[in-house]
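So you can see what is in the structure, the chains are spelled out below.
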Amino acid sequence: LRNTNERRIFAPAFASVANAFSTSGISSYHALQIVGQKRFSKGYTLQVAYSHAKSIDEAGTSEVADNWPLQNPSNRRADRGLGDFDIRNRLVASGLWELPILRGQKTLMGKVLGGWQLAGILNVEDGTPFTVVSGVDRSIQGIGRDRPDLLGDPKLLTDRPKADRLARYFDTSKFALNREGQFGNAGRNILIGPGSAEVDLALQKTFAIMEQKTLHFRWDVFNALNRANFSNPGTSLSSSGSFGKITSAGQGRIMQLSLTFKF
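Predicted model only: the values in this text are computed from it and were never measured. (Residues numbered from 1 in each chain as written. Predicted model: local features only at pLDDT ≥ 70, side-chain atom pairs only at ≥ 80, totals over all residues. Heavy atoms only, no water.)

Caption draft 1: Seen up close, the overall build of the chain. Looking only at helices and strands, the chain has two helices and 12 strands in total. In the chain, the order of α-helices and β-strands from amino to carboxyl end is β-β-β-β-α-β-β-β-α-β-β-β-β-β. The C-alpha atoms of the chain give a radius of gyration of 26 Å, which is well past the 18 Å a tight globule of 263 residues would have. C-alpha extents for the chain along the principal axes are approximately 90 × 45 × 35 Å. Looking at the chain residue by residue over its 263 residues, the buried ones come to 26%. (Helix = DSSP H or I, 4+ residues; strand = E, 2+ residues; numbered from the N terminus. Rg over C-alpha atoms; globule rule 2.2 N^0.38 Å. Buried < 20%, exposed > 50% of the residue type's maximum accessible area, 1.4 Å probe, protein only.)

Caption draft 2: Broad picture of the environment of Thr260. Relative to the assigned elements, Thr260 resides in strand S12 (residues 254-262). Among all residues touching Thr260, those that are not within four sequence positions of it are Thr214, Leu215 and His216. (Contact = heavy atoms within 4.5 Å.)

Caption draft 3: Examining the pairing of strand S1 (residues 28-41) more closely. Pairing between S1 and strand S2 (residues 44-57): 12 bridges, direction antiparallel. If you follow Leu32 over to S2, its bridge partner there is His52. Connecting S1 to the antiparallel partner S2 that follows it, the hairpin turn spans two residues, and Lys42 within it adopts a positive phi of roughly 55 degrees. (Pairing = 2+ DSSP bridges.)

Caption draft 4: Up close: the pairing of strand S4 (residues 89-98). The pairing of S2 with S4 spans nine bridges and is antiparallel. By the bridge assignment for S4, Val48 is matched with Ala93. Looking at chain direction, S4 and strand S5 (residues 117-125) are connected through nine bridges and run antiparallel. Its bridge partner lying in S5, Leu91 is registered against Val124.

Caption draft 5: Layout of the packing of aromatic side chains. Under the counting rule described, the total for this entry stands at eight aromatic pairs. Seen from their ring centres, Phe170 and Phe243 are 5.4 Å apart, and the 80 degrees between their planes marks the pair as edge-to-face. Separated by 73 residues along the polypeptide, Phe170 in the loop between helix H2 (162-167) and strand S8 (175-176) and Phe243 in the loop between strand S11 (213-222) and S12 bring together distant segments of the chain. For the pair shown, Phe170 and Phe243 are each scored as buried. Among the aromatic residues, ring-to-ring pairing joins Phe130, Tyr169, Phe170, Phe175 and Phe243 into one connected group. Note that Lys205 overlies the ring of Phe207, its terminal NZ or CZ placed 4.8 Å from the centroid. (Phe/Tyr/Trp six-rings, centres within 6.5 Å; stacked < 30°, edge-to-face > 60°. Lys NZ or Arg CZ within 6 Å of the ring centre and 35° of its normal.)

Caption draft 6: Broad picture of a nonpolar patch on the surface. Side chains of Tyr44, Leu46, Val48, Leu91, Trp97, Leu118, Leu122, Val124 and Leu201 sit close together on the surface and give an oily, nonpolar patch of about 670 Å² of accessible area. Structurally, Trp97 is set in strand S4. (Patch = residues over 30% accessible without salt bridge, like charges linked within 9 Å, V, L, I, M, F, W, Y side chains within 5 Å. Areas by Shrake-Rupley, 256 points an atom, 1.4 Å probe, with all protein chains shown as cover. Salt bridge = Lys/Arg side-chain N within 4 Å of Asp/Glu carboxyl O.)

Caption draft 7: Structural detail: the nonpolar core. Of all hydrophobic cores here, the largest spans 10 residues; its members are Phe130, Val132, Tyr169, Phe170, Phe175, Ala186, Leu191, Leu237, Phe243 and Ile246. Once residues within four sequence positions are removed from consideration, Leu191 is found in contact with Thr128, Pro129, Phe130, Val132, Pro154, Lys155, Phe170 and Phe175. (Core = buried A, V, L, I, M, F, W, Y, C linked by side-chain atoms within 4.5 Å.)

Caption draft 8: Examining the side chain of Arg147 more closely. Turning to its location among the elements, Arg147 is positioned in the loop between strand S6 (129-130) and strand S7 (149-150). A distance of 3.1 Å separates polar atoms of two side chains, one belonging to Arg147 and the other to Asp79. (Polar contact = N/O pair within 3.5 Å; in protein donor to acceptor, adjacent residues only side chain to side chain.)

Caption draft 9: Spatial organisation of unusual backbone geometry. In this structure, Asn189 is a non-glycine residue whose phi angle is positive, near 55 degrees. Counting through the fold element by element, Asn189 comes out in the loop between S8 and strand S9 (191-192). Phi is positive for Asn226, close to 55 degrees, though the residue is something other than glycine. Position of Asn226 relative to the elements: it lies in the loop between S11 and S12.

Caption draft 10: View of the pattern of salt bridges. Here the structure, examined in full by the defined rule, presents nine salt bridges. Its salt-bridge partner being Asp57, residue Arg188 comes within 2.7 Å of it at the nearest N-O pair. Within this pair, whereas Arg188 is found in the loop between S8 and S9, its partner Asp57 is found in strand S2, the two being separated by 131 residues in sequence. We classify Asp57 as buried; its relative accessible area is 7%. A salt bridge links Arg88 to Asp86; its shortest N-O distance comes to 3.0 Å.

Structure follows, in C-alpha cells:
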C-alpha cells in the first residue's frame, strides 16, 4: 500500500505526471461597488471608492501552470472555496489639496511658500483567505497537498491583545493530521487573515525657473502612520514552530525625496 508509483492511476505506463493543462476551471465574483468623486475645484479634489465583494473559485490566482493546489485531483469540488484574492470589504480614498498659503501671489515669498500641493491615498481592507495544510503526504498519494481534519470552529476573536493574536491567530487545536491513506476534511481558504490600513502622502511643488524650464520637488511618505500590517499566519500543521503564528508584516514607514528638472 505504501508504494506510491504502483497506486498511480496511469501505472505502470507512467509514474508522476508533473503537469496537466485544462480550461475547465469555474469561478464567480459578485460585488457591490460604489464610487463618489468631487472634481477639482476650489483648490481640491476627492474620490472615494468602496466595494463589498465575494470571490469563489477552485484554484489559486497565479497563472503559473503548476499552481493549482488541489488536494485530490479526482475531486475538484473539494477545493471549491473563497478565492485567494477575496477581500470582503475595501475602502480607497484619494485626494489632492492645493494649500491656500500664499497661493497665487507673485512675490518672492509667494513663489517659494505658495503653490504647494498635498496628495494622499487611504486604503483600508479586510484580510485575504488562507488554507491550513497538513505539511506531509498523509494520504500517500504522492501529491503532497493534504489538508488536515477539522475538529471544530478554529476562528478566534480578533479584538484580543496584539501579542495574543500574533502568537495564536487561530485555534490550532481544531486541526489534526488527516488519517493515513485518507484526505482531510478541512476546506480550502476557510480562514481570513489580518486586514490592513495604510495612508500614503505626498507633498509637491513645481518651481518656474525660466520659460519652459521648471523644477519639480516631491516628498513621498508611504505608510505615513507607520501602522503594522501583519501577514497571514503560518499554515502548516507539521511546522510546530510557526503554525498559527504571525511572524512577518508589511513595510513600515518609507520616505523618498525627488527633484526633477524639466526643460
